[in-house]
Amino acid sequence: MSEHDQTQPYKVLARKYRPASFADLIGQEPMVQTLSNAFRTGRIAQAYMLTGVRGVGKTTTARILARALNYKTSDVDQPTIELAEEGEHCRAIIEGRHIDVIEMDAASHTGIDDIRDLIESAQYRPATSRYKVYIIDEVHMLSKSAFNGLLKTLEEPPEHLKFIFATTEIRKVPITVLSRCQRFDLRRIEADAMTEHLEWICKHEAVEAEDTALAAIARSSEGSVRDALSMLDQAIAHSAMDAESKITSDATRLMLGLSDRTRIVDLFEMIMRGDIASALEELKSQYDTGAEPLVVLTDLADFIHLVTRLKYVPDTKKDKALSEVEREKGAAFAEALSVRVLGRAWQMTLKGIEEVSSAERPLMVAEMVLVRITHGSTLPTPDEFVKQETPQGGDRTATLSAGNVSPQPASTDPVNQGAGAMTPAIPTQASSPQQSGLRDGNSSAPALAMSAPQPKAEIQTSDIPPKSDRVLQTFEELIFLIEDKRDLPLKTAIKRHIRLVSFSDGQMEMNLVENPPRDFLPTLGKRLEEWTGKRWMLSVSATKGAPTLAEQEQEENKNRMDDARDDMSVKAIMQVFPGTKIVNIRIREEDAESLPEAPDETEDVLDEFF
């Protein structure tokens, strides 16, 4: 590692290696191509809008653009992006001290008064250069009145005036301003390009660094060159006192609080084969060595995404930011695991990241997330569960029994043993590729059990109600059946939430109202299947449908009230006793069943059942 000259003040890498020309920019080829064509044809815009994430090079690009606009040498005296040598104004512009290139931070100059001063000074021609250039950083911070004051000058600026705006919040810039600018979106730098850039800098700094360490820094920068160089600066300082003075992956992980990518792959394998005890131990071990639980889950999500991407884009493994373990095992997992398994693990991991990020005890929450992923990511979906093949000559109800599985001994396949992967027991019902999440024909893939632990208790077929052949032709027959089964909560829920659209035996189309419980339709379908011996098709429609039974009863009660008020005897009583109100109507005993249930009892029953 090179010794720094103590007589010179130290300049951080982000400033020392700041690009000075378009050729030095990395990852922004579309913008450079557009500007090259524009300058070559003389189609130079009056205002430019540069947008992108922090540290991607917006201010640097603005200075390079100002340099290109005012480029002048003994041989060239016109705007150009071919900045082969340093021109007359180049050094002062790059260092931010040129008299005709004015940089303004909109975060500290937000008002209309600042814009008035800018507009007033813009009328004067440049002192020494070709154009007077205003670079306004974080332009979205300007006030509404400041934007309005800038509009006229921005639309019809003097010939000697150019504007270059930079912002990280492009959506906060008024559309009236955007429409007057030529916009360039600076892209995040890809991890492999960032890694190559860091390697180049380390070579010029005479610093030794492991490829995996630079790849970790590139990933952590999230496309920001400034962040990457700041972390590289920190890594150089961190390793300065080491015996070898070399940036290692272990030291980088400890410095940044990252997880070991190799151990993340191991953790993923433990989860996929259902070894929750080893997974929890691995998480605790990574936590003890400095990895944050949130980072571990984030890296786990990254690896799940990598495996999924490798299923469809095998060339992804050529990414230089990937380690050799990620390439090899990622490709093997991509062959072995189904998209269903990966998709469900991805969703659970994302949900877990949200929970861990807001938890007071992140390690505990992260452990519960791993437990949930291990037990839930490989369960069959409802349609897969229903479509499971019935064993030849067997009973379907027995096949669907939750406990009707038997563990198989561990595989002794020499191919799998040679791959170094454990082969835990796979239940007999998860033997097909669709159910287990594995694909046949790949001996190099890790042997993973893709079924969650099964409950010990068995459900006997005698516990399942016998089938019947009951036919329901009308909605009223359905209500009578529910009353006959004495299922008061279900009856009350139907009366309150269903507006019937159509009804036939085995099918019912409805419009749901008043926010029914989440398990209302599953409960209704289950009951109907038990009582009628057939699977019902229950569909929700946007059609308004007929009024609910509760609404019909309310309308009937209202009509009874109106009829009572029109009764001559009732009118006479109300005239004799002013202020009298009709609060209830009693129906004869034979009609009592048509009365609605008491509202308070209905609420209690629904709360208890759902």
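The rules we used
Per chain, residues are indexed from 1 in the order of the written sequence. Thresholds applied to this predicted model are a pLDDT of at least 70 for local features of residues and 80 or more for the giving and counting of side-chain atom pairs; totals over whole chains, interfaces and linings are not thresholded and use all residues. Excluded from the side-chain calculations are hydrogens and water; all other atoms, namely the structure's heavy atoms, are used. Helix and strand assignments come from DSSP, with helices taken as H or I runs of at least 4 residues and strands as E runs of at least 2, each series counted from the N terminus. Throughout, a residue-residue contact means that at least one pair of heavy atoms, one from each residue, lies within 4.5 Å. Shrake-Rupley sampling with a 1.4 Å probe provides the accessible areas, and residues are treated as covered by the protein chains on show and by no other component. Each patch is built from residues that are more than 30% exposed by relative accessible area and take part in no salt bridge. Like charges join if they lie within 9 Å; nonpolar side chains (Val, Leu, Ile, Met, Phe, Trp, Tyr) join within 5 Å. Salt bridge, as used here, is a side-chain nitrogen of Lys or Arg placed within 4 Å of a carboxyl oxygen of Asp or Glu. Buried means the residue's accessible area, taken with a 1.4 Å probe over protein chains only, is under 20% of the maximum for its type, while exposed means over 50%, and partly exposed covers the values in between. Pairing between strands is defined by DSSP: at least two bridges between the two strands are required. Whenever a helix is involved, its axis is fitted only over the stretch in contact; in every case the axis is a line through C-alpha atoms, and angles between N-to-C directions fall within 0 to 180 degrees. Lys and Arg are tallied as positive, Asp and Glu as negative. Neither His nor the chain termini are counted. The location of each charge is read from NZ of Lys, CZ of Arg, CG of Asp or CD of Glu. Convention used here: angles under 35 degrees read as roughly parallel, angles over 145 as roughly antiparallel, angles from 65 to 115 as roughly perpendicular, and any remaining angle as oblique. By convention, the crossing between two helices is left-handed when the near helix turns anticlockwise from the far helix through less than a right angle, and right-handed when the turn is clockwise. Throughout, the ten residues Ala, Val, Leu, Ile, Met, Phe, Trp, Tyr, Cys and Pro are labelled nonpolar, Asp, Glu, Lys and Arg are labelled charged, and all others, Gly among them, are labelled polar. Pairs of N or O atoms are called polar contacts if they sit within 3.5 Å, as long as, within protein, a hydrogen donor faces a hydrogen acceptor (for residues adjacent in sequence, only side-chain-to-side-chain pairs).

Q: I would appreciate a short explanation of the overall build of the chain in the present structure.
A: Counting its regular elements, the chain contains 27 helices and 10 strands. Look at the contacts in the chain between residues 6 or more apart in sequence, and 72% of them connect residues 24 or more apart. Of the roughly 34,000 Å² of accessible surface on the chain, a fraction of 50% belongs to carbon and sulfur atoms.

Q: Got a minute to help me understand a nonpolar patch on the surface in this structure?
A: A cluster of nonpolar side chains, namely Y312, V313 and V339, defines an oily patch on the protein surface of about 270 Å² accessible area. Counting through the fold element by element, V339 comes out in helix α16 (residues 339-357). With a relative accessible area of 37%, V339 lands in the partly exposed category.

Q: Just checking my understanding: could you explain the pattern of salt bridges for this structure?
A: Close approach of charged atoms allows side chains with opposite charge to pair. Tallied over the entire structure, the rule returns 28 salt bridges. With its nearest N and O atoms 2.6 Å apart, the salt bridge here joins E95 to R97. Given a relative accessible area of 43%, E95 falls into the partly exposed group. For R97, a relative accessible area of 52% translates into the label exposed. Between R183 and D185 there is a salt bridge, and its shortest N-O distance comes to 3.1 Å. Classification of R183 by relative accessible area gives partly exposed; the value is 42%. The exposure class of D185 is partly exposed, given its relative accessible area of 46%.

Q: Can you help me understand the sheet that holds strand β5 (residues 182-185) in this one?
A: Two modes of strand pairing occur in sheets, parallel and antiparallel, and in both the strands are linked by backbone hydrogen bonds. Here we have 5 strands laid out as an open sheet, ordered β2-β3-β4-β1-β5, and parallel in their pairing. Each edge of the sheet is formed by a strand with only one pairing partner; in this case those strands are β2 (101-105) and β5. The mean inter-strand angle of the sheet, taken between neighbouring strand axes irrespective of direction, is 15°. Judged from the 4 bridges that link them, strand β1 (residues 47-51) and β5 form a sheet pairing that is parallel. Bridging across to β5, L50 finds its partner in F184.

Q: I keep staring at unusual backbone geometry and nothing clicks. Help me out?
A: When glycine is set aside, most residues are seen to have a negative phi, and most peptide bonds are trans. In this structure, E138 takes a positive phi of about 50° despite not being glycine. Within the secondary structure, E138 sits in the loop between β3 (132-137) and α6 (144-155). A positive phi angle, close to 50°, is found at N515, a residue other than glycine. Of note, N515 is situated in the loop between β9 (507-512) and α24 (520-532).

Q: Any chance you could explain a positive patch on the surface here in plain terms?
A: Together, K11, R15, R18 and R226 make up a region of like positive charge exposed at the surface. By the element assignment, R15 lies in helix α1 (residues 13-16). Residue classification places R15 among the exposed residues on the basis of a relative accessible area of 57%.

Q: Quick question: what am I supposed to make of the pairing of strand β8 (residues 498-504) here?
A: Each regular strand carries side chains that alternate between the two faces of the sheet. Pairing between β8 and β9: 6 bridges, direction antiparallel. Pairing of F503 across the sheet is with M508, part of β9. Hairpin connection between β8 and β9: a loop of 2 residues separates the two successive antiparallel strands, and G506 in this loop has a positive phi of roughly 90°.

Q: Could you clarify how one ought to interpret the packing of helix α9 (residues 211-221) against helix α10 (residues 225-238) in this entry?
A: Each pair of packed helices can be summarised by the angle the axes make with each other and by the distance between the axes. Relative to each other, α9 and α10 sit at 140°, their axes nearing to 8 Å. Judged by the angle between their axes, α9 and α10 are oblique. Seen from above, α9 lies across α10 with right-handed handedness. Contacts from L214, I217, S220 and S221 in α9 reach D227, A228, M231, L232 and A235 in α10. Partitioning the contact of α9 with α10 into residue classes produces 6 nonpolar, 2 polar and 1 charged.

Q: Would you take a moment to explain the side chain of T167 for this structure?
A: Tracing the backbone shows T167 in strand β4 (residues 161-167). At 3.0 Å, the side chain of T167 and the backbone nitrogen of E169 are in polar contact. Among all residues touching T167, those that are not within four sequence positions of it are M49, L50, T51, G52, K58, E138, V139, H140 and V173.

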